[in-house]
Amino acid sequence: MKIGFIGAGNMVRAIVRGAVAAGLEANEIYLTDKSGKSAPALAGEVGAHALADNRELAQTADIIVLGVKPHAVADVLKEITPEISDGTKLVISLAAGKNLASLQQATESNVPIVRVMPNVNAAIGESMTGIARGSAASSKHVEMTKKIMVSVGRCLVIDEAHFPIFSALAGCSPAWMYQIVDDFARAGVNHGLTKQQAVAIVAQAMLGSAQMILDEAAADGATPANLIDRVTSPGGTTIAGLLAAQQSGLSTVLGLAVDAAVARDGELG
Ligand SMILES: NC(=O)C1=CN([C@@H]2O[C@H](COP(=O)(O)OP(=O)(O)OC[C@H]3O[C@@H](n4cnc5c(N)ncnc54)[C@H](OP(=O)(O)O)[C@@H]3O)[C@@H](O)[C@H]2O)C=CC1
Ligand SMILES: O=C(O)[C@@H]1CCC=N1
């Protein structure tokens, strides 16, 4: 199965690197870009092929992944429509905010389209990816999409109505997690650690905490709130820090970040 990626930016690089590391055949991957630089660079790095234009890519590939920014998606779909209008090729869109109806409208109604929301942790096989099926796509197309995305992390087939919140919690949140680590690390620097020491300490704490949340939920249904109670000794340091953070609006701030991302998602469509 030949997979063509239109766009070779941050998200496509993450998926291609992760998928090739997981065993996807690089020789079956085709890439295009706008500048003529990023696709050859990525192709050279992993052993894939860079092609000169999107129509050639659409002719060549069996699965076409739209990896351009949301505002460019409709034009790219129109450009490749002559190559995909017979409905034999699967189109996968990564674009935030572009719903299945608008994607379908930008091409022929029989073209199978699957909408996907991955995240950049795909590069290390740790994406959390949402998948929704378009009106012309079959369960076989969903399985084909899952096969690619499972190679770079966990997948959930979700109702398309949940894409905006999924996009905030899974697509955007890595940036927020990186910000949280950076903020904690700066506080560590303020207390005498080097930035490198502080980042390593906080990143390991975040990694271990995420794994605990998943493992404990699977083992006995423990929630993050249950885990918090195990750390907060009565009269201790953790409860002092937790209350200070809550009094300064930590929960409100995180909720506002999610609300802003969901609102912006609605504007991109
Ligand atoms: N970044 C992320 O964490 C996530 C992104 N997404 C979605 O993925 C998509 C890509 O985002 P991201 O990778 O961050 O964006 P980037 O800006 O990093 O990459 C966009 C890519 O599209 C290429 N491009 C632009 N126009 C064309 C065109 N007409 N034909 C071929 N290639 C073109 C650019 O080429 P060139 O390199 O030459 O400029 C670039 O390689 C977006 O729709 C976004 O919503 C989804 C989930 C997470
Ligand atoms: O910021 C964005 O629009 C994209 C979608 C999710 C993560 N990055």
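None of the values given here were measured: they were computed from a predicted structure.

Student: Describe in detail empty space enclosed by the protein, supporting the description with residues and values.
Tutor: Counted by the stated rule, this structure contains 1 cavity of 30 Å³ or more. Of the volumes computed, that of the largest cavity is approximately 30 Å³. Classifying every residue of the lining of the largest cavity by side-chain character gives 7 nonpolar, no polar and no charged.

Student: Give a detailed account of the pattern of salt bridges, specifying residues and quantitative values.
Tutor: According to the stated counting rule, one finds 8 salt bridges in the structure shown. We note a salt bridge from Arg115 to Glu160, for which the minimum N-O separation is 2.7 Å. One end of the pair, Arg115, is in strand β6 (residues 113–117); the other, Glu160, is in the loop between β8 (153–157) and α7 (163–190), and 45 residues separate them in sequence. The partly exposed category is assigned to Glu160, whose relative accessible area is 25%. Ionic contacts of the salt-bridge type, sharing partners, join the residues Asp182, Arg186 and Lys195 into one network.

Student: So what about the UniProt feature "domain: Pyrroline-5-carboxylate reductase catalytic N-terminal" (unreviewed entry) in the chain? Which residues, and what values?
Tutor: Feature annotation in UniProt places "domain: Pyrroline-5-carboxylate reductase catalytic N-terminal" (unreviewed entry) on residues 2–97, given in this structure's numbering. Annotated as residues 2–97, this span is 42% helix and 19% strand, and its ends, taken at the C-alpha atoms, are 27 Å apart.

Student: Please provide a residue-by-residue account of the confidence of the model for the chain, values included.
Tutor: This prediction gives the chain a mean pLDDT of 97; 100% of its residues lie at or above 70. Confidence metrics for the complex model read pTM 0.96 and ipTM 0.99.

Student: Lay out the pairing of strand β5 (residues 90–93) in plain terms, naming residues and giving numbers.
Tutor: The alternating pattern of β5 places Leu90 and Ile92 and Val91 and Ser93 on opposite faces, both of which are buried. Both strand β4 (residues 63–66) and β5 contribute to a ladder of 4 bridges, which runs parallel. Each bridged residue has a counterpart across the sheet, and for Leu66 the counterpart in β5 is Ser93. Crossover handedness for the path β4 to helix α4 (residues 73–84) to β5: right-handed. Pairing of β5 with β6, which is carried by 3 bridges, proceeds in the parallel orientation. Bridged to Val91 within β6 is Ile113. Crossover connection from β5 via helix α5 (residues 100–105) to parallel β6: handedness right-handed.

Student: Mind laying out the packing of α7 against helix α8 (residues 195–220), listing which residues take part and the relevant values?
Tutor: In contact at an axis separation of 8 Å, α7 and α8 are set at 135° when each is read in the N-to-C sense. Our classification of the angle between α7 and α8 gives oblique. Read as a crossing pair, α7 and α8 show a hand that is right-handed. Here Met177, Ile180, Val181, Asp182, Phe184, Ala185, Arg186, Gly188 and Val189 of α7 come into contact with α8, specifically with Lys195, Ala198, Val199, Val202, Ala203 and Met206. Looking at the contact of α7 with α8 residue by residue, the class counts come to 11 nonpolar, 1 polar and 3 charged.

Criteria and cut-off values
- Going along each chain's sequence as written, the residues are numbered from 1 onward.
- The lettering of chains begins at A and the numbering of ligands begins at 1, in the order of writing.
- Totals for whole chains, interfaces and linings use every residue, but because this is a predicted model, local features are given only for residues with pLDDT of at least 70 and side-chain atom pairs only at 80 or more, for both listing and counting.
- Values reported for side chains reflect all heavy atoms of the structure, with hydrogen atoms and water molecules removed beforehand.
- With a 1 Å grid spanning the protein atoms alone, the term cavity applies to any set of points in which a 1.4 Å probe fits but cannot get out, the term pocket to an open set with protein on both sides within 12 Å along at least five of seven lines, and the term lining residue to any residue with an atom within 4 Å of a point.
- Grid points are joined across faces, edges and corners, and a volume is the space filled by probe spheres set on the points.
- Just so you know the grouping, Ala, Val, Leu, Ile, Met, Phe, Trp, Tyr, Cys and Pro go in nonpolar, Asp, Glu, Lys and Arg go in charged, and all remaining residues, Gly too, go in polar.
- In the sections that follow, a salt bridge refers to a side-chain nitrogen of Lys or Arg positioned within 4 Å of a carboxyl oxygen of Asp or Glu.
- Secondary structure follows DSSP: runs of H or I at least 4 residues long count as helices, runs of E at least 2 residues long count as strands, and numbering of each begins at the N terminus.
- To sort residues, take the accessible area from a 1.4 Å probe on protein chains only and compare it with the maximum for the residue type: under 20% means buried, over 50% means exposed, and anything in between is partly exposed.
- UniProt positions are given in the numbering used here, feature names are shortened, and annotations may be inferred rather than shown by experiment.
- Residue-level confidence of the predictor, termed pLDDT, takes values from 0 up to 100.
- Being paired, for any two strands, means DSSP has found at least two bridges between them.
- Here is how to tell: hold the view so the strands point away, follow the path from the first strand over the helix to the second, and if it runs clockwise the crossover is right-handed.
- Under this scheme, a helix contributes an axis fitted over its contacting stretch, all axes are lines through C-alpha atoms, and angles between N-to-C directions fall in the 0 to 180 degree range.
- Note on angle classes: values under 35 degrees are labelled roughly parallel, values over 145 roughly antiparallel, values of 65 to 115 roughly perpendicular, and the remainder oblique.
- Take the far helix as your reference; a near helix turned counterclockwise from it by less than a right angle gives a left-handed crossing, and one turned clockwise gives a right-handed crossing.
- Whether two residues are in contact is decided by their heavy atoms, any of which lying within 4.5 Å being enough.

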